[in-house]
Structure formats: C-alpha cells, structure tokens
Amino acid sequence: MSQLRARFDLPLSTFRLNVDLDVPISGITAIFGPSGSGKTTLLRCLAGLERAPHGFMQFGEEVWQDESLGLCLPLHSRPIGYVFQEPRLFPHYDVRANLLYGYQRIPVNERRIVLEQVVEILGIGHLLNRRIHKLSGGEQQRVAIGRALLTSPKLLLLDEPLASLDIQRKQEVLPFIHRLHEHLHIPVVYVSHGLTEILQLAGRVILLNEGHVIGTGALNEVFTTVSFRGQLGPHRIGAILDARVISHDPPYGLTQLTFKSHSLFVPLQPVAVGQAVRVHIFSNDVSLVLGKMDVPTSILNILEATVVEIRELNQSSVDVVLDIGAPLVASITRKSLMALGLKPGQHLFAHIKAVALNEELMD
Amino acid sequence: MTDVDLNALWITLQLATTTVIVLLIVGTPLAWWLAHTRSRVRPIVEALVALPLVLPPTVLGFYFLIVLGPSGPLGQLINLNLAFTFTGLVIASVLYSMPFVIQPLQGAFEAAGRSPLEAAWSLRASKLDAFLTVISPIALRGYISAIVLGFAHTIGEFGVVLMVGGSIPGQTRVLSTTIFEHVEAMEYGQAHAIAAVLLTFSFLVLLAVYVVNRRFPIHVS
C-alpha cells in the first residue's frame, strides 16, 4: 500500500480547487462528487497535466511535484497510466500498435505487464489487427485501458472512462476494470460522478465538492457517515456490504448470501455459488424492532445489530447508525425513536425490506 | 523551349523546392505556436503572416529590394547584397508564400488539439516524440496542403520575383517572368508553350492532392 500526499490550490472557473490529501492508495480509490466539483482537475493535477502554482505531490517514496524546489515532473516522466473520458486512440495506428505505443517506450527491465496478459484480461484478442475507427465505443475504451496498462504503471488514473458509453457498454467495460485490479495489483484512482460505478468498483473513496475534499476513507464508512448526506443528494445509502453467494433457490427465485455471520436473501442472481457480490441497502429500507418477534413476518432479512449512535437528520427523521459487522444506517422517524427509546449500545433487530445488488442501481 | 527557357524551369523548381523546405522548417514551430498559444501577441503575428495575401506583390517586392539591396541593413553592416540573387529570391519567396504554408498547418494542429498529445505523454512519449509520432501523422493532410500550396504559389508568383530577382537569365529568371519577357518580345509561341506547361502542371498537382485525399482518407474518430 502506498501513501498519496498531495496539496493543490488552483483557481477554477467559479471556485478554487483546494485539496490537501494524505491517503493510503490500494485497490480502487474513487474520486466521487457532483459534475463540476473539480474531480477531473484533481486527477490532472495528480498526473502533472495541470500545474498548481504551490503544489506538492508524493506517491509512496517518490516526490513528483514540489514547487518549493521548482520541481514538477512532466507526465511522460511519471510512472502513471492515464485513461481519459474519451478513448483518445491514435487513428493512424491499428489496435496492436496503439497497445504497444507506450510499451515500446519503457525500459525493457520495467516491462512487468505484457501484451498477452492485457489481451486476456480485457478480451481484445480478436481486435488486434483492426483499425481504430472499426471499433465500438466500449472496445475503444478497453484498448485505451490496455494501452495504459502496458506501460506497467505504478498508479493507474481513470477519468470517467465510462462516461461516453451507454449503459450496455458500461456493463461491458466495468467487469474488466474490476479484473485488472484483481489480476495486476496496480492501484487505481477512478474519477466518477456515477454512484453505480463507485458502488460496484471502489474500495476507498475521496469525496469532492466544489473543489474541496469533504471526506476520505473506506467506501462503506464514508457513504454511511451521516454528515456527508447533504452533499450526496438523494443517494441515501444505508450500508455497502461485500457478501458471498452460498446457495440458490430457483423455485422461489431467491439467492442466499452470507455476510459475516448474517444471511441475506436477494432476488435470484446469475452468479456462481462462492462468488463475491457487493450489495447495498438504502437507509429508508431499514426498520428497527427491539426484540425477536414471535409473530411471523413477511420480512426475510432480519439482522442482529447494535446501536452505535443517533444522528439528527431533520425535524421528522433521524439516522440510527448500527453495527452489523459493518456500518448500517437506518432512517426512522423521530416519533419512532422516542417510542423505542433507542440508546447507543442497545441490541436490536434490523428488518431489511430490500437488498439491492449494484447492477440494479442505475442512475 | 530554348535553353534559357529550360534553365528558367530548373531555377523555378529549385526556388519552389527550397522555399517549401525552408517554410516547413520555420513554419512548423510557428504554426504550432499559433495553434496553441494564449498569448496576446497572437493576432498581431497572425496578421503579419497573412499580409502577403492582401498586399500587392509590388509593395512586398519594393520593400524587399530596399532591405536586401546594397543600401539596406545587410548591405551596410556586412556589405551583403542579396538583391537580384537566388538567395534573395528564396528569402522573398519564403515570406511571400508563408501564409499558404502556415495556415493549413495551423488549422491541422488546431483540429488535432491537445488530446492526442496528452495521450502520447501519458504513454511515456516526450514532447518531440509525441509530435513526430502522433501529431504529424494526424496533421498529414495539413502538411500535404501546405506543401502543395506553398510549392504552387511560389511557382506562380510574379511581381515579387520580378522586383527582387530582376529576371536575370540563368540566375533569377523563373517561368512566370520568362512568359512576361516572351510576351514583351512578341514571341507568343514560346509564351504559349510555357503557359501550357504551367497550366498543366498546376492542374495535375491539385488533381493529385484531391485524389489522394479522397482515396486514402485519414480517419480521425
């Protein structure tokens, strides 16, 4: 795991990008925020494509920018892979030449990733001899990712690589991004304003709003921390859980998942037993019951939980933060809070009305 | 054609080729700068480059004669007289044909934009490497237009070469001034021959450019 330290202060059209980051970078880290919040500019600063006057940036042991010393490495001297919003493939080369463009420009002893690997992971073997203009948008973006990977980067920066694709094409590229992180162990920083992508891909998140970092940390912690709710707009995520498929029940159209010691039922999924899936729960879909009910209930998913804290939301509602082995937030009415007399440390049961798999959450 | 006429053809080709080569070397960085700079002096430079498009060639020729001649700055400082020499013709032609090379290149660089450049940098290409391997091929049509227009325009110039070169046979007499000399001497047959050569050449060159552009389109997606 490498530490990323970065300080940038740069005027943008209507506000300043002003960030001071000191975050561990491993797996996929998302830079998430509304359109126009400065995400792309931040990524371009990290790459050295924008130069903040008093900027500083260090990745692991390597300092790439320190304006107090007048140092700012140009992009071609940084071991970074960069994938832009548009594929930006070179039209005068075929797919193979595009893939090898960067590969041929790094020293032989730094070539950790080879063409065969990238072709395999991205599923682009049949495209190698094609001209660029014969490819679909999704295929072009996969080639662009492959081209960046073949420079064996220490850090891969992705700037909304799915933004120019329709939903179907997105689903065509997303699994590949997931796989490349698993197979090649290159840390990825992924810019997006699409909650779907973030929930599917990211392990950690940097929340950005109007040029300021308003939160960093593990995905489920950041998204379930109530103070970010205002900035996240209508997305009221109660929990993000990495669960595993343990069985299917086709007659009832259900798939059973396990998370820690809990069991969850979701609509039947075309996913093999034993495979990991990420699910999320909206906080409005969680209701709280003090004891295990003796009377039958239609609710399938009942989780044992401990109250961690109670946070004010607005006049009629509160958010109750629960611990189920991961944070789970329940939005309930203030009246219910009073009626149940909830206090931190209290044990109770959370009834989950719906568990969404991330594929279902399309924005 | 007489020997003097053939010699004029040879000088014309030499002049046009030299002019285009000089213009590509000087014009590429200048066009690149014009395409990407945010400097306030850009419109001034653009206007200066475009001047030969609107000025009467005799005006340019007149100034060249003064600057390049024996009483000009070069003549005064290092006793160098370039008026009525081939070198003087090249200098005058470079400035006179400059917009025909700069403008297609600038347009091509602007159309290519910064995007492919940034992509090349992200793939470890240095600035020069990125320019040579990515921008130049993408701007290939701009280069073809620049070369053809610069070449053809230099061949077609008359007023400037007459004033700066003086149409000295074997030294600065080019095809366009040769036609003028023949007409002056009432040698219409020889004027016809050279005029036909120029007409055919110009047409064939332009035709070739259009065919090449149509047959081998450069796909920029």
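This structure is a prediction, so every number in the text was calculated from the model and none was measured.

(A) Expanded view of the sheet that holds strand β2 (residues 16–25) of chain A. All names here are of chain A. Strands sit in the order β2-β1-β4-β5-β6 across an open sheet of 5 strands; the sheet is antiparallel. The open sheet has two free edges, formed respectively by β2 and β6 (71–72), since each of these has just one partner strand. Note: strand β1 (residues 2–11) against strand β4 (residues 56–59), 4 bridges, orientation antiparallel. Along β4, the bridge assignment pairs Arg-5 with Gln-58. Docked against the sheet, helix α1 (residues 39–47) engages β1, β2 and β4, running at close to 115 degrees with respect to β1.

(B) Highlighting the sheet that holds strand β14 (residues 262–267) of chain A. Residues and elements named next belong to chain A. Spatially, β14-β13-β12-β15-β21 is the arrangement adopted by the 5 strands of the open sheet, whose pairing is antiparallel. Strand pairing shows two members of the sheet lacking a second neighbour, β14 and β21 (356–357), which therefore form its edges. Relative to β21, strand β15 (residues 276–282) runs antiparallel, the two being bridged by 2 bridges. Opposite His-280, over in β21, you have Ala-356 as the bridge partner.

(C) Quick look at helix α8 (residues 140–156) of chain B. Residues and elements named next belong to chain B. Over its 17 residues, α8 runs 24 Å from end to end, which matches the ideal 24 Å to within 8%, given 1.5 Å per residue. Taken across its 17 residues, α8 has 12 buried, putting it largely inside the fold. Along α8, the residues classified as buried are Gly-142, Ser-145, Ala-146, Ile-147, Val-148, Leu-149, Gly-150, Phe-151, Ala-152, His-153, Thr-154 and Ile-155.

(D) Local environment of the environment of A:Asp166. Mapped onto the secondary structure, A:Asp166 falls in the loop between β8 (155–159) and α5 (167–184). Judged by local crowding, A:Asp166 falls into the exposed class, with 11 C-beta atoms found within 10 Å.

Cut-offs used in this document
Residues numbered from 1 in each chain as written. Chains lettered and ligands numbered in written order. Predicted model: local features only at pLDDT ≥ 70, side-chain atom pairs only at ≥ 80, totals over all residues. Pairing = 2+ DSSP bridges. Helix = DSSP H or I, 4+ residues; strand = E, 2+ residues; numbered from the N terminus. Contact = placed C-beta atoms within 7 Å. Axes fitted to C-alpha atoms, helices over the stretch in contact; angles between N-to-C directions. Expected span 1.5 Å × (residues − 1). Buried ≥ 20, exposed ≤ 12 C-beta atoms within 10 Å, placed from the backbone.

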